[in-house]
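Structural features, examined
Listed below are the residues making up each chain.
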Amino acid sequence: MAEIWRGTWVVAYREILRFVSERSRILSSFAMPLLFLVIFGAGFTNVIGTLAPGVNFIQFMYPGIIAMTVLTSSLFAGISVVWDREFGFLKEILVAPIGRTGIVLGKAIGATFVALLQALIMLVLAPILGVSLSPGLVAGLIPLVVVISLGLSGLGILIASFMTSQQGFQILIQILIFPLIFLAGVFFPVNAVPLWMEVISKINPLTYGVDAIRQLFLGSNVGLGVAVFGHTMTIVEEVIVVGGLSAILLGGAIIAFNRQE
Amino acid sequence: MSMIEVRSLSRHFGQLQAVKGVSFEVAEGELFGFLGPNGAGKTTTINMLCTLLRPTSGTASVNGFDVMHQRSEVRRSIGLVFQQPTVDEYLSAEQNLRFHAYAYNVPSGIREARIRELLTMVELWDRRKGSVRTFSGGMKRRLEIARGLLHHPRALFLDEPTLGLDPQTRRHIWDYLLELREHENLTIFLTTQYLDEAENCGRIAIIDRGTIIALDSPDGLKSAVGGDLIVFSTADDEKAAAEVRARYGVEPSLQNGTVRFHVTSGDTFLPEFVRTFPEHLLSVSLQRPTLDDVFLTLTGHEIRDSELDAREMLLHGAGRWRMGR
């Protein structure tokens, strides 16, 4: 047990150290979300008008973009596993007396820390977009992002444990990331789309992560929440869905990693 | 007590039998070499001993711990230097060592002093803050040796520690290794395909195609080839050859105007020979057999030929394995 803890923190420590020393990665991880926010925001806000009383399109999209930042950052965390394998450092980690479970948890926690940092930096945009922030909102956002990010970095590591090249990993994640984002209610409310899309979106667990963050920002009474079989999901229910999935994905990553030679 | 004990250890990759039932023991404080061509099974063996690869059959223990069932204990007992670099290029030399210290639970009280001691030993203390990606191949290898020693291992495993390095750096790395054996009671297990390097070892196992074909001290292996070669010339070689036959009961050979014959220990034989040989000697020399000769005698082929075979075997093996799936 002590070995798992030590493994967790030592691997997480290195992930964070690496992130801090790679400034280009910090900047590039904001490129996509900002692009969506600026282009889609400028393009659609006037066309769409208000989605609910006091909520225009860009204000609707903004919490979704924060979720998207977390998703991208967490999923790509798996690349550090592939990177380590390609450059040999994985051997140094695997042969250390720290246990595979600790390695997976450390990678996931390191990625979560990075994702959380990015989500918090995104908050700088709130005043510009006319979204009001409160200490309670930030305090609620942190655990939400942690739960979402742990699960998605688990998925990233799970995929990475089967991949040997960075290019392969990147292509696979890109293929995965767009449907996940587009069908998670980041850009439009999932209740007002064609049925097939609504069904897929409501199966996509990320939808509940996006909606939980949105409820935090816009309040739960704006009438844009995700309804499942006529029941509008509350934040707590959504956290349970996402948390359950996170546990499964992390568990899967731990099993996959332990099986490898 | 034996630091490393290996009993009928085997490892198969599909159809390919990389290691076929090897057995050997390495005593505490010994410098033990695994010599063989590429693809002979050296790295597979070292990976099994280091718990990176599960054996197909057989047992092995390091520092008294079983490599299958006491992996953590084995890992704490050993230091490792891999064939390919395994340092994190985006961290500094110091950060790499600190990561290692945390991972191996080196007490914080001695950590910084130990890092300084080892970086000084491998002459990288001045570069401790430098990013490893700016290091040369030799510097990276030296950093890895320092890292492998950081947690005071009982045994140090080095997989081809000097592969791809220039002669000067090779010499340097050997100086560290010989110094370590001298000053700390460290067991060193290394693999190499360089015959001249293997001569530094206390004992050598020669491995070819997954099997140990000889295991002895370098001198022991050489005397198995037939001992040292005495080469001399006189005014009348025919007569001298007859004299050798009569005096020492061996069959000399005549080659390029010299007379050659084997003796078991040339260094004690030679002074005696020079003093008592009746013919007038024009030249005399003693040639010690090299491990090249040993390898050739034991396997019937040179170490380079074997490499080609191994590559072919790997290709075939891999092909069959893929089809088998």
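Residues numbered from 1 in each chain as written. Chains lettered and ligands numbered in written order. Predicted model: local features only at pLDDT ≥ 70, side-chain atom pairs only at ≥ 80, totals over all residues.

Some points on the overall build of chain B
A count of helices and strands for chain B gives 12 helices and 14 strands. Overall, the C-alpha framework of chain B stretches about 75 × 55 × 40 Å when taken along its three principal axes. Buried residues in chain B amount to 38% of all 325 residues. In chain B, the proportion of contacts linking residues at least 24 apart, taken out of those at least 6 apart, comes to 69%. (Helix = DSSP H or I, 4+ residues; strand = E, 2+ residues; numbered from the N terminus. Buried ≥ 20, exposed ≤ 12 C-beta atoms within 10 Å, placed from the backbone. Contact = placed C-beta atoms within 7 Å.)

Considerations on the environment of Ile 248 of chain A
All names here are of chain A. Note on placement: Ile 248 falls in helix 12 (residues 235-259). The exposure class assigned to Ile 248 is partly exposed, which follows from the 14 C-beta atoms found within 10 Å. In this structure, the C-alpha to C-alpha distance between Ile 248 and Ala 227, residues 21 residues apart in sequence, is 24 Å.

Some details on the interface of chain A and chain B
Counting residues at the interface gives 20 residues for chain A, matched by 24 residues for chain B. Sorting elements by how many residues they give to the side of chain A that touches chain B places helix 1 (residues 2-21) of chain A first, with eight residues. Residues of the side of chain A that touches chain B, tallied by class, amount to 10 nonpolar, two polar and eight charged. (Nonpolar A, V, L, I, M, F, W, Y, C, P; charged D, E, K, R; others polar.)

Side note on the sheet that holds strand 5 (residues 65-66) of chain B
Strand order in this open sheet of four strands is 2-1-4-5 (chain B), and the pairing throughout is antiparallel. On the outer flanks of this sheet lie strand 2 (16-27) and strand 5 of chain B, each paired with one strand and no other. (Pairing = 2+ DSSP bridges.)

Here's the deal with the pairing of strand 4 (residues 57-62) of chain B
All names here are of chain B. Pairing of strand 1 (residues 2-13) with strand 4, which is carried by five bridges, proceeds in the antiparallel orientation. Pairing of Ser 10 across the sheet is with Ser 57, part of strand 4. The sheet contact formed by strand 4 and strand 5 spans two bridges and is antiparallel. If you follow Val 62 over to strand 5, its bridge partner there is Phe 65. Here strand 4 folds back onto strand 5 in antiparallel fashion, the turn holding two residues, of which Asn 63 has a positive phi close to 55 degrees.

Structural notes on the sheet that holds strand 13 (residues 258-263) of chain B
Residues and elements named next belong to chain B. Taking strand neighbours across the sheet as the criterion, the four strands line up as 12-13-11-14 in an open arrangement whose pairing is antiparallel. A strand with exactly one partner marks an edge of an open sheet, and here the two such strands are strand 12 (253-255) and strand 14 (281-287). The average angle at which neighbouring strand axes cross in this sheet is 25 degrees, direction not considered. Note: strand 11 (residues 228-234) against strand 13, five bridges, orientation antiparallel. Each residue of the ladder has a partner; that of Phe 232, found in strand 13, is Val 259. (Axes fitted to C-alpha atoms, helices over the stretch in contact; angles between N-to-C directions.)

Side note on unusual backbone geometry
Residues and elements named next belong to chain B. Here the phi dihedral of Ser 8 falls at roughly 40 degrees; this positive angle occurs in a residue that is not glycine. Tracing the backbone through its elements, the reader meets Ser 8 in strand 1. Since 13 C-beta atoms lie within 10 Å of it, Ser 8 is described here as partly exposed. Residues other than glycine seldom take positive phi values, yet Glu 160 does so here, at roughly 50 degrees. Tracing the backbone through its elements, the reader meets Glu 160 in the loop between strand 7 (155-159) and helix 6 (167-183). Looking at Glu 160, the number of C-beta atoms within 10 Å reads 22, which means it is buried.

Details of the nonpolar core
One finds Leu 71 of chain A together with Leu 49, Ala 146 and Phe 157 of chain B to be the most contacted residues of the largest nonpolar core, which totals 141 residues. Those residues in contact with Leu 71 of chain A that lie beyond four places of it in its chain are Leu 152, Leu 180, Ile 181 and Leu 206 of chain A. Counting residues in hydrophobic clusters, the runner-up holds five residues, among them Ile 230, Phe 232, Ala 240 and Val 244 of chain B. (Core = buried A, V, L, I, M, F, W, Y, C linked by C-beta atoms within 7 Å.)

Quick look at the environment of Met 68 of chain A
All names here are of chain A. Note on placement: Met 68 falls in helix 3 (residues 57-75). Residue class for Met 68 comes out buried when judged on the 24 C-beta atoms lying within 10 Å of it. The spatial distance from the C-alpha of Met 68 to the C-alpha of Arg 85 is 27 Å, given a sequence separation of 17 residues. If sequence neighbours within four positions are ignored, Met 68 has contacts with Pro 33, Ile 181 and Val 186.

Details of the environment of Phe 36 of chain A
All names here are of chain A. In this structure, Phe 36 sits in helix 2 (residues 23-48). Phe 36 sits in the partly exposed class, given 18 other C-beta atoms within 10 Å. Each C-alpha atom of the pair Phe 36 and Thr 72 lies 13 Å from the other, and the pair is 36 residues apart in sequence.

What about helix 1 of chain A?
Structurally, the α-helix is built with 3.6 residues per turn, so residues lying three or four positions apart point the same way. The terminal C-alpha atoms of helix 1 of chain A, which comprises 20 residues, lie 29 Å apart, in line with the 28 Å expected from a rise of 1.5 Å per residue. Along helix 1 of chain A, the residues that are buried comprise Arg 6, Gly 7, Thr 8, Val 10, Val 11, Ala 12, Arg 14, Glu 15 and Phe 19 of chain A. (Expected span 1.5 Å × (residues − 1).)

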